[in-house]
Amino acid sequence: MVGLGYYSTDLLAPALQQTKDCYLAGIVTGTPSKAEAWKKKYNIPDKNIYNYQNFDQVANNPDIDVIYVVLPPSMHHEYVVRAAKAGKHVWCEKPMAITALQCQEMIDACSNNKKSLAIGYRLHHEPNTQEYSRIVNKQLLGKVKHVKCAAGYVDNRTNHWKQNKALGGGVLYDMGVYAIQGARLGTGKEPVSIISAKTSTTRPEIYKDGLDETTIATLEFPGGVLADIKTSFGENINFLDISCEKGSINMAPYSIYNGLQGNSPLGEIYFPYEVPWQQAKQMDDDAKSIKTGIAMLVPGEEGLRDITIVNAIYKSAATGQVVKL
Ligand code: NAD
């Protein structure tokens, strides 16, 4: 595991205590006190502890099969490429990278080194998401007519990487990819254009340099189906409404760590579990893919699609124009 911040500490490492097909073999950290604490807590041998400078030596360590990159988004490209060159399979947190070109280079680095790449979209692995996707894809309520999706929370930090453009900040990269995922899974299709988009902030002292605190966008899908998405660091919002010919699927919340639930004319959608079950399921699914050689549920191409859309939404917001995808 590379980067021992909030998500690694609070979700992924605890989840790795529950997984059956993988375990925490080693860590990469720039903070010696963290190395010491994790070593004790998770019984990690010294030879499996790296820093950002000697990380590439992991190539010579047969204890480590997979590198999970859990760093600020601007660092994903570098560490995924270095991990692939070290001959390891790679899991990378969302958002995959900053540009579509970086995403493609990450995909190429893994495929050139014959290693698999998975993106940490935990929701693809969880049953409530799979159930609404099934209703959409099998057209059990007829064709999708319109989607509305919102993902946001109040982030009161002022100088975290989420508020720093150079490190990959901005809400569209962070929470916006969940709203884009909601639009894509909710329609079961890929968008053909960004009709309109707007970025804004009510806290310009924090969201500087054009960084977005809130972004809204309308995405057009094949057949004229529209999806309105909203994402924000200033509002607690989390829902996905999918209007179909024979009624609506309404999920709220639809993208948090547990308690996902919803309704449709076909009945309730509610598969409960405790945190961090999603993360354990995701890592076990991805470990099984590696062991059996079957395709990853969420390959690099899935992250690339979202970053292409993120880039197009920012372009539409900046130019006021429709952006074709
Ligand atoms: P965090 O800020 O808590 O942790 C980031 C880690 O990167 C820290 O340990 C920090 O020390 C390290 N780091 C190394 N170099 C750094 C630098 N130059 N600047 C800043 N930090 C540096 O962030 P986080 O919330 O753990 O997020 C990490 C990644 O995980 C992000 O890509 C984020 O989007 C993703 N994430 C995913 C989910 C999910 O549900 N899938 C949830 C939370 C975070």
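Just above sits the structure.
Residues numbered from 1 in each chain as written. Predicted model: local features only at pLDDT ≥ 70, side-chain atom pairs only at ≥ 80, totals over all residues. Heavy atoms only, no water.

J.: Got a minute to help me understand the overall build of the protein chain in this structure?
T.: What the protein chain contains, in helices and strands, is 8 helices and 14 strands. Taken against the 2.2 N^0.38 rule, which gives 20 Å for 325 residues, the C-alpha radius of gyration of the protein chain at 20 Å falls within 12% of a compact globule. For the protein chain, the C-alpha atoms occupy an extent of roughly 60 × 45 × 35 Å along the three principal directions. In the protein chain, buried positions account for 53% of the 325 residues. In the protein chain, once contacts between residues fewer than 6 apart in sequence are set aside, the share between residues at least 24 apart is 68%. Roughly 14,200 Å² of accessible area belongs to the protein chain as shown, and the carbon and sulfur atoms make up 53% of that amount. (Helix = DSSP H or I, 4+ residues; strand = E, 2+ residues; numbered from the N terminus. Rg over C-alpha atoms; globule rule 2.2 N^0.38 Å. Buried < 20%, exposed > 50% of the residue type's maximum accessible area, 1.4 Å probe, protein only. Contact = heavy atoms within 4.5 Å. Areas by Shrake-Rupley, 256 points an atom, 1.4 Å probe, with all protein chains shown as cover.)

J.: Honestly, the site of the ligand in this entry has me stumped. Any pointers?
T.: As a matter of local geometry, the ligand sits amid 22 residues, with Tyr 6, Tyr 7, Lys 94, Arg 122 and His 160 nearest to it. For the ligand, an oxygen atom lies 2.8 Å from a polar atom in the side chain of His 160. Alone, the ligand offers 830 Å² of accessible surface; in the complex the protein occludes 81% of this. Applying the majority rule of atoms within 2 Å of the grid points places the ligand in the largest pocket. Contributing elements (two or more residues each) for the shell around the ligand: helix 1 (6-15) and helix 6 (171-187). For the shell around the ligand, the per-class residue count stands at 13 nonpolar, 4 polar and 5 charged. (Near = heavy atom within 4 Å. Polar contact = N/O pair within 3.5 Å; in protein donor to acceptor, adjacent residues only side chain to side chain. 1 Å grid on protein atoms, 1.4 Å probe; cavity = no way out; pocket = protein on both sides within 12 Å on 5 of 7 lines; lining within 4 Å. Sits in = over half its atoms within 2 Å of the grid points. Nonpolar A, V, L, I, M, F, W, Y, C, P; charged D, E, K, R; others polar.)

J.: Help me out: how do you make sense of the pattern of salt bridges in this one?
T.: Pairing between side chains of opposite charge can happen when their charged atoms approach one another. Applying the stated rule across the entire model yields 18 salt bridges. The residue Asp 46 makes a salt bridge to Lys 39 at a minimum N-O spacing of 2.9 Å. Taking relative accessible area as the criterion, Asp 46 reaches 53% and is therefore assigned exposed. According to the relative accessible area criterion, Lys 39 is partly exposed, its value standing at 25%. Asp 155 is paired through a salt bridge with Arg 157; the nearest N and O atoms lie 2.9 Å apart. Each of Arg 184, Glu 190, Glu 302, Arg 305 and Asp 306 takes part in salt bridges that share partners, so that together they form one network. (Salt bridge = Lys/Arg side-chain N within 4 Å of Asp/Glu carboxyl O.)

J.: Quick question: what am I supposed to make of unusual backbone geometry here?
T.: Note: most residues except glycine have negative phi, and most peptide bonds are trans. Following Ala 252, the chain continues to Pro 253 via a peptide bond in cis, the omega torsion being -5 degrees. Along the chain, the position of Pro 253 falls in the loop between strand 11 (247-251) and strand 12 (262-264). The linkage connecting Val 275 with the following residue, Pro 276, adopts the cis geometry, with an omega of 5 degrees. Secondary-structure assignment places Pro 276 in the loop between strand 13 (267-269) and helix 7 (277-292). Even without being a glycine, Asn 43 presents a positive backbone phi close to 60 degrees. Within the secondary structure layout, Asn 43 lies in the loop between helix 2 (32-42) and strand 2 (49-50). In this structure, Lys 114 is a non-glycine residue whose phi angle is positive, near 55 degrees. Position of Lys 114 relative to the elements: it lies in the loop between helix 4 (100-112) and strand 5 (117-119). A relative accessible area of 72% means that Lys 114 is categorised as exposed.

J.: Even after reading the chapter, I still don't get the sheet that holds strand 3 (residues 66-69), so can you show me in this structure?
T.: Hydrogen bonds between backbone atoms are what pair the strands of a sheet, whose relative direction is either parallel or antiparallel. The 3 strands lie next to each other as 3-4-5, forming an open sheet whose pairing is parallel. Strands with a single pairing partner mark the edges of an open sheet, and in this sheet they are strand 3 and strand 5. Averaged over all pairs of adjacent strands, the angle between strand axes in this sheet comes to 15 degrees, irrespective of strand direction. By the bridge criterion, 3 bridges tie strand 4 (residues 89-92) to strand 5 in an arrangement that is parallel. From the neighbouring strand, Val 90 faces strand 5, where its bridge partner is Leu 117. (Pairing = 2+ DSSP bridges. Axes fitted to C-alpha atoms, helices over the stretch in contact; angles between N-to-C directions.)

J.: What exactly am I supposed to notice about the pairing of strand 10 (residues 237-244) here?
T.: Within a regular strand, side chains alternate between the sheet's two faces. Here strand 6 (residues 144-152) pairs with strand 10 via 8 bridges, running antiparallel. Following the sheet pairing, Ala 150 is matched in strand 10 by Phe 239. Where strand 10 and strand 11 come together, 5 bridges link them in antiparallel fashion. Within strand 11, the position partnered with Leu 240 by the bridge is Met 251. Between strand 10 and strand 11, which pair antiparallel and follow one another directly, the connecting turn spans 2 residues.

J.: How should the nonpolar core be read in this particular structure?
T.: A general tendency of soluble globular proteins is for nonpolar side chains to be buried together. Leu 117, Leu 219, Ile 229, Ile 242, Ile 249 and Ile 313 are the most contacted members of the largest nonpolar core, which totals 76 residues. Residues within four places of Leu 219 in sequence aside, it is in contact with Ala 183, Pro 191, Ser 193, Ile 194, Val 225, Leu 226, Ala 227, Ile 229, Ile 309 and Ile 313. In terms of nonpolar packing, the next biggest core, distinct from the first, is built from 24 residues, Cys 22, Ala 35, Val 70 and Ala 287 among them. (Core = buried A, V, L, I, M, F, W, Y, C linked by side-chain atoms within 4.5 Å.)

J.: Would you take a moment to explain empty space enclosed by the protein for this structure?
T.: Any empty space left between atoms is shown by rolling a water-sized probe over those atoms. Tallying each qualifying case throughout the model produces 1 cavity of 30 Å³ or more. Counted as a void, the largest cavity has a volume near 50 Å³. If you go around the largest cavity, the residues you meet are Tyr 121, Arg 122, Leu 123, His 124, Tyr 132, Tyr 178, Gln 181, Gly 182, Leu 185 and Tyr 254. The element contributing the most residues to the lining of the largest cavity is helix 6, with 4 residues. Classifying every residue of the lining of the largest cavity by side-chain character gives 6 nonpolar, 3 polar and 1 charged. (Points joined across faces, edges and corners; volume = space filled by probe spheres on them.)

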